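# Residue-level structural notes
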Amino acid sequence: MRHGHGEAQDPADMTAGELLTMLARRLRHLRGQELQPFGLTPAQSRALATVARSTHRDGEELRLSGLAERLGIAPRSATEVVDALQEKGLVQRAPSPTDRRATALSLTAEGRQLIGRLRAAMAQASREKADDMFSVLSQQQRDALTELLRTVAQHDPAAPAE
C-alpha cells in the first residue's frame, strides 16, 4: 500500500529504490544541518565546490551555463545560487579572457578559505553521520552493503549491453 506525500511509509513495504531514496533524503537533511554554521544551503555548497574544482584545473574557466550543466539545474537557478554566493563574497564574476561576451566564475580569497574549512568539517561530519546511520548493522553487514551498492553504482544502464 502506497501512502500520500508526507505520510510515513513502513520501510518493510518499500522497494530497494524507495529505501535508497529515503536514506539519501535523511543524509541530505543532515548535510543541510551541518552547513548551517557556514551560512550555506546545500545548493550553494555544491556550487561553491564546483567552482573550486574548475578553478584548480589548468586554464579551464567556468561559466554560469557550465555550472548549471554540472549541477543538473536550470541556468536561472544557477544564476540565483551564484548571486547568493557573490553577495556573501565567496564567488566573483569576471569577463572571460577568451570571450568578451561571456562571464567566468571564480572563488574569492574568502571563498577559497571557506571551501578548505568546509571540506574538512563536512568530511568528518559526513563520516560520523553515516557511521551513526549504519550503526545498526554489523561490520560484516556494512561490508556486504557497501559491496552491493558499489556494484549497482558501477552499473551504467545507458551503456550498450555486451
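Above: the structure in question.
Notes on the structure follow. Chains are numbered independently. Their residues run from 1 in the order of the written sequence. For a predicted model such as this one, the threshold for reporting local features is a pLDDT of at least 70, and the threshold for listing and counting side-chain atom pairs is 80 or more; totals across whole chains, interfaces and linings nevertheless cover every residue. Excluding hydrogens and water, the side-chain values take into account all heavy atoms of the structure.

On to the packing of helix 3 (residues 64-71) against helix 4 (residues 75-87). Contact pair helix 3 / helix 4: the axes reach a minimum separation of 8 Å and the direction vectors enclose 105 degrees. The angle between helix 3 and helix 4 falls in the class roughly perpendicular. Facing helix 3, whose interface residues are Leu 64, Leu 67 and Ala 68, helix 4 presents Pro 75, Ala 78, Thr 79 and Val 82. With axes taken as lines fitted to C-alpha atoms, and helix axes fitted only over the stretch in contact, angles between N-to-C directions fall between 0 and 180 degrees. Only DSSP runs of H or I reaching four residues or more are called helices, and only runs of E reaching two or more are called strands; each is numbered from the N terminus. Oblique is the label for any angle not under 35 degrees, not over 145, and not in the 65 to 115 range, which are roughly parallel, roughly antiparallel and roughly perpendicular in turn. Note on definitions: a residue-residue contact is assigned when non-hydrogen atoms from the two residues lie within 4.5 Å.

Attention now goes to helix 1 (residues 16-35). Between the first and last residue of a helix there are one fewer steps than residues, each counted as 1.5 Å, and that sum is the expected span. Here helix 1 contains 20 residues, and its C-alpha end-to-end distance of 28 Å stays within 8% of the 28 Å for a straight helix at 1.5 Å per residue. Those residues of helix 1 not exposed but buried are Met 22, Gly 32, Glu 34 and Leu 35. Whether a residue is buried, partly exposed or exposed follows from its accessible area with a 1.4 Å probe, protein chains only, as a fraction of its type maximum: under 20%, in between, or over 50%, in that order.

On to the environment of Arg 70. Its place among the elements puts Arg 70 in helix 3. Residue Arg 70 is classed as partly exposed on the basis of its relative accessible area, which comes to 39%. The sequence separation of Arg 70 and Thr 50 amounts to 20 residues, and the corresponding C-alpha distance is 7.8 Å.

Patches draw on residues past 30% relative accessible area with no salt bridge. Two like charges within 9 Å are joined, as are two nonpolar side chains (Val, Leu, Ile, Met, Phe, Trp, Tyr) within 5 Å. In these tables, accessible area is a Shrake-Rupley quantity obtained with a 1.4 Å probe, and a residue counts as shielded only by the protein chains included in the view. Each reported salt bridge corresponds to a side-chain nitrogen of Lys or Arg within 4 Å of a carboxyl oxygen of Asp or Glu. In this tally Asp and Glu are treated as negative and Lys and Arg as positive; neither His nor the chain ends contributes. Charge placement uses NZ in Lys and CZ in Arg. For Asp and Glu, CG and CD serve respectively. On the surface, Arg 25, Arg 28, Arg 31 and Arg 46 cluster together to form a positively charged patch. When residues of the positive patch are assigned to their parent elements, the largest contribution, three residues, is made by helix 1. Note on placement: Arg 28 falls in helix 1. Classification of Arg 28 as partly exposed rests on a relative accessible area of 48%.

Turning to the sheet that holds strand 3 (residues 103-107), a few remarks are in order. Strand pairing is assigned whenever DSSP detects at least two bridges linking the two strands. Taking strand neighbours across the sheet as the criterion, the three strands line up as 1-3-2 in an open arrangement whose pairing is antiparallel. Each edge of the sheet is formed by a strand with only one pairing partner; in this case those strands are strand 1 (62-63) and strand 2 (91-95). Here five bridges tie strand 2 to strand 3, and the two strands are oriented antiparallel to one another. Paired with Pro 95 across the bridge in strand 3 is Thr 103. In the packing of helix 4 onto the sheet, the strands contacted are strand 2 and strand 3, and the crossing angle to strand 2 comes to about 110 degrees.

For our purposes a nonpolar core is just a set of buried Ala, Val, Leu, Ile, Met, Phe, Trp, Tyr and Cys residues, chained together by side-chain atoms within 4.5 Å. One finds Leu 48, Leu 67 and Leu 85 to be the most contacted residues of the largest nonpolar core, which totals 22 residues. Elements with a minimum of two residues in this core: helix 2 (42-56), helix 3, helix 4, strand 3 and helix 5 (109-133). Top element by residues in this core is helix 2. It accounts for five residues. If we ignore the near neighbours within four places in the chain, the residues touching Leu 85 are Leu 40, Gln 44, Ala 47, Leu 48, Leu 90 and Val 91.

If you check helix 4, its first and last C-alpha atoms are 18 Å apart, about what 13 residues at 1.5 Å a residue would give, namely 18 Å. Every buried residue of helix 4 is listed here: Ala 78, Val 81, Val 82, Ala 84 and Leu 85. End-on view of helix 4: buried residues confined to an arc of 155 degrees, all on one side of the axis. Opposite the buried face of helix 4, at more than 90 degrees from it, the exposed residues are Arg 76 and Glu 87. Directly after helix 4, the chain includes Gly 89, whose backbone phi takes a positive value near 80 degrees. Each C-beta atom gives one direction from the helix axis, and the arc is the one those directions make.

Counting buried positions along strand 3 yields four of five residues, so the element is predominantly enclosed. Sheet analysis places strand 1 next to strand 3, joined by two bridges and oriented antiparallel. Bridge pairing in strand 3 links Leu 62 to Leu 105.

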